[in-house]
Amino acid sequence: MPILDVKGLTKTFGKFKALDGVDFEVKKGEVFGFIGPNGAGKSTTIRVLLGLLKRDAGTATIFGQDVWSDAVEIHRKIAYVPGDVNLWPNLTGGEVIDLFASLQGEVNGKRREELIVKFDLDTSKKCRTYSKGNRQKVALVAAFASDAELFILDEPTSGLDPLMERVFQQCVEEVKEAGKSVLLSSHILSEVERLCDRVGIIRSGVMVETGTLAELRHLTRLNLYVELNSPATDIGQIPGVHELVKAGDGWKFQVDGDKLDAVMTYLSKHGIRRLESAPPTLEDLFMQHYGDVTGRAEAGDS
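Residues numbered from 1 in each chain as written. Predicted model: local features only at pLDDT ≥ 70, side-chain atom pairs only at ≥ 80, totals over all residues. Heavy atoms only, no water.

A. Highlighting the packing of aromatic side chains. Scanning the entire structure with this criterion turns up five aromatic pairs. An angle of 25° between the planes, with centres 5.4 Å apart, marks the rings of phenylalanine 144 and phenylalanine 151 as stacked. Overall, the relative accessible area of 1% leaves phenylalanine 151 in the buried class. Members of the aromatic cluster, each reached through a chain of ring pairs, are Phe24, Phe32 and Phe34. (Phe/Tyr/Trp six-rings, centres within 6.5 Å; stacked < 30°, edge-to-face > 60°. Buried < 20%, exposed > 50% of the residue type's maximum accessible area, 1.4 Å probe, protein only.)

Encoded structure:
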């Protein structure tokens with residue numbers, strides 16, 4: 001049984017359908033990347049999973065329990081980090097971490113101190129003095145110091161510098177090694193690519209693709225750079241070739257995966273002097289799906 005299981009999830013706000021039959025699951029011990037442009041429905045989905053919004057249709061369970069009716073029980077075994085953390089201004093960072101720990105139950109004191117050092121967090125300061133990045137650190141320390149079975153992370157590295165992003169990635173890798181599960185919503189596609197076992201792409205409230213990175217990369221184009229022994233000015237007319245530009249002594253372009261054989265056959269006739277290829281990234285995939293989207297707005301959603 002999946003740790004998190006969503007089937008046919010639907011949510012409307014008036015006449016606006018924010019979620020339209022969303023389906024995905026998170027298995028035990030895996031990191032699932034949940035990506036999409038602003039307004040796609042990611043945060044609405046997460047609010048439903050946290051029991052903050054009631055769904056209109058479909059099912060959503062965590063640990064086999066309903067996310068709405070069993071929310072209190074579920075919350076004892078999950079850790080949540082939003083993309084914009086609001087803290088009690090008159091409490092110190094350390095007091096907030098301890099408060100979160102008391103709400104969930106036991107906390108690993110040694111782990112807590114290790115995380116405070118890793119995230120370079122001064123826990124003696126009042127939260128009203130913290131920058132956005134430091135507020136995120138408080139939530140991340142509290143989450144990863146807990147004994148949660150599922151971590152729901154919604155843009156968790158917002159406001160962190162690259163060094164702290166790397167610390168966060170290490171923490172995700174550690175909880176995964178411990179057999180815990182992670183639902184990670186992120187705009188940092190290199191982060192998703194590095195950490196996630198599977199990825200789900202949501203667009204306009206609909207899941208358009210779900211699978212492993214290897215399964216999804218067939219949707220993207222391979223980036224090529226080629227130098228030839230004889231002129232070939234009609235490369236751009238070959239089916240499957242896109243974004244052709246002259247670059248130094250050669251050509252840069254993209255090629256559809258299923259057209260690669262035909263393109264290479266054509267190029268070889270001109271004598272390939274140099275050939276460089278770059279594997280597709282999640283950013284390529286993201287832009288292919290969402291490059292034509294100009295900002296479908298969902299209030300407060302991302």
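B. Region of the structure containing the environment of leucine 216. Tracing the sequence through the fold places leucine 216 in helix H8 (residues 213-216). Taking relative accessible area as the criterion, leucine 216 reaches 2% and is therefore assigned buried. As for leucine 216 and leucine 285, which are separated by 69 residues in sequence, their C-alpha atoms are 7.8 Å apart. (Helix = DSSP H or I, 4+ residues; strand = E, 2+ residues; numbered from the N terminus.)

C. Examining helix H9 (residues 260-268) more closely. Buried within H9 are the following residues: Val263, Tyr266 and Leu267. The buried residues of H9 all sit within an arc of 95° when viewed along its axis, so they share a single face. On its buried face, H9 is in contact with strand S11 (221-228), strand S12 (241-247), strand S13 (250-256) and strand S14 (272-278). (Arc of directions from axis to C-beta. Contact = heavy atoms within 4.5 Å.)

D. The nonpolar core, seen in detail. Among the nonpolar cores identified, the biggest contains 46 residues, and Phe144, Leu153 and Val199 are the most heavily contacted of them. No other element matches helix H5 (residues 132-144), which puts seven residues into this core. Both domain 1 (4-216) and domain 2 (218-301) contribute no fewer than three residues apiece to this core. For leucine 153, the residues in contact, after removing those within four places along its chain, are Val81, Phe144, Phe168, Val172, Val182, Leu183, Leu184 and Ser185. (Core = buried A, V, L, I, M, F, W, Y, C linked by side-chain atoms within 4.5 Å. Domains from an automatic or database assignment.)

E. Structural view of the sheet that holds strand S6 (residues 78-81). Taking strand neighbours across the sheet as the criterion, the six strands line up as S6-S7-S8-S3-S9-S10 in an open arrangement whose pairing is mixed. At either margin of the open sheet sits one strand with a lone partner, and together these are S6 and strand S10 (206-212). For this sheet the average axis-to-axis angle between neighbouring strands, irrespective of direction, equals 15°. Taken together, the four bridges between S6 and strand S7 (residues 150-154) define a ladder with parallel strand orientation. Paired with isoleucine 78 across the bridge in S7 is leucine 150. Helix-sheet contacts for H5 involve S6 and S7, and the interaxial angle to S6 is about 170°. (Pairing = 2+ DSSP bridges. Axes fitted to C-alpha atoms, helices over the stretch in contact; angles between N-to-C directions.)

F. Geometry of the domain arrangement of the chain. When the domains of the chain are assigned, the result is domain 1 (4-216) and domain 2 (218-301). Taken over C-alpha atoms, the centre of domain 1 sits 35 Å from the centre of domain 2. Counting from both sides, the interface comprises 30 residues of domain 1 and, opposite them, 18 residues of domain 2. Both sides of the domain 1 and domain 2 interface together cover about 1800 Å² of buried area, and 56% of this is carbon and sulfur. Considering only the surface of domain 1 that becomes buried against domain 2, Leu189, Arg203 and Leu216 emerge as the three largest contributors, covering 29% of it. For the pair domain 1 and domain 2, the interface holds zero salt bridges. Along the contact surface separating domain 1 from domain 2 lie zero residue pairs in polar contact (both at pLDDT 80 or more). Elements that contribute at least two residues to the side of domain 1 that touches domain 2 include exactly strand S2 (16-26), helix H1 (42-49), helix H7 (189-195), strand S9 (198-203), S10 and H8. (Buried area = accessible area lost by both parts, 1.4 Å probe. Salt bridge = Lys/Arg side-chain N within 4 Å of Asp/Glu carboxyl O. Polar contact = N/O pair within 3.5 Å; in protein donor to acceptor, adjacent residues only side chain to side chain.)

G. Quick peek at the layout of surface pockets. Considering only enclosed or pocket space, the largest pocket measures out at about 620 Å³ in volume. Ile78, Ala79, Tyr80, Phe100 and Leu103 are the residues nearest the centre of the largest pocket, which is lined by 23 residues in total. Among the secondary structure elements, those contributing two or more residues to the lining of the largest pocket are S6, helix H3 (93-104) and H5. A per-element tally of the lining of the largest pocket places H3 first, with five residues. Partitioning the lining of the largest pocket into residue classes produces 17 nonpolar, four polar and two charged. (1 Å grid on protein atoms, 1.4 Å probe; cavity = no way out; pocket = protein on both sides within 12 Å on 5 of 7 lines; lining within 4 Å. Points joined across faces, edges and corners; volume = space filled by probe spheres on them. Nonpolar A, V, L, I, M, F, W, Y, C, P; charged D, E, K, R; others polar.)

H. Spotlight on the environment of serine 204. Following the sequence through the fold, serine 204 ends up in the loop between S9 and S10. For the pair serine 204 and histidine 187, spaced 17 residues apart in the sequence, the C-alpha separation amounts to 16 Å.

I. Representation of the confidence of the model for the chain within the structure. Of the residues in the chain, 94% have a pLDDT of 70 or more, and the chain-wide mean is 90. For residues 293-300, every residue scores under 50 in pLDDT, and the model assigns this stretch 18 contacts once sequence neighbours within four places are set aside. (pLDDT = per-residue confidence, 0-100.)

J. Quick peek at the environment of isoleucine 238. Inspection of the secondary structure assignment puts isoleucine 238 in the loop between S11 and S12. The class for isoleucine 238 is buried, based on a relative accessible area of 13%. Along the chain, isoleucine 238 and alanine 262 lie 24 residues apart, while their C-alpha atoms are 8.5 Å from each other. Residues within four places of isoleucine 238 in sequence aside, it is in contact with Val263 and Tyr266.

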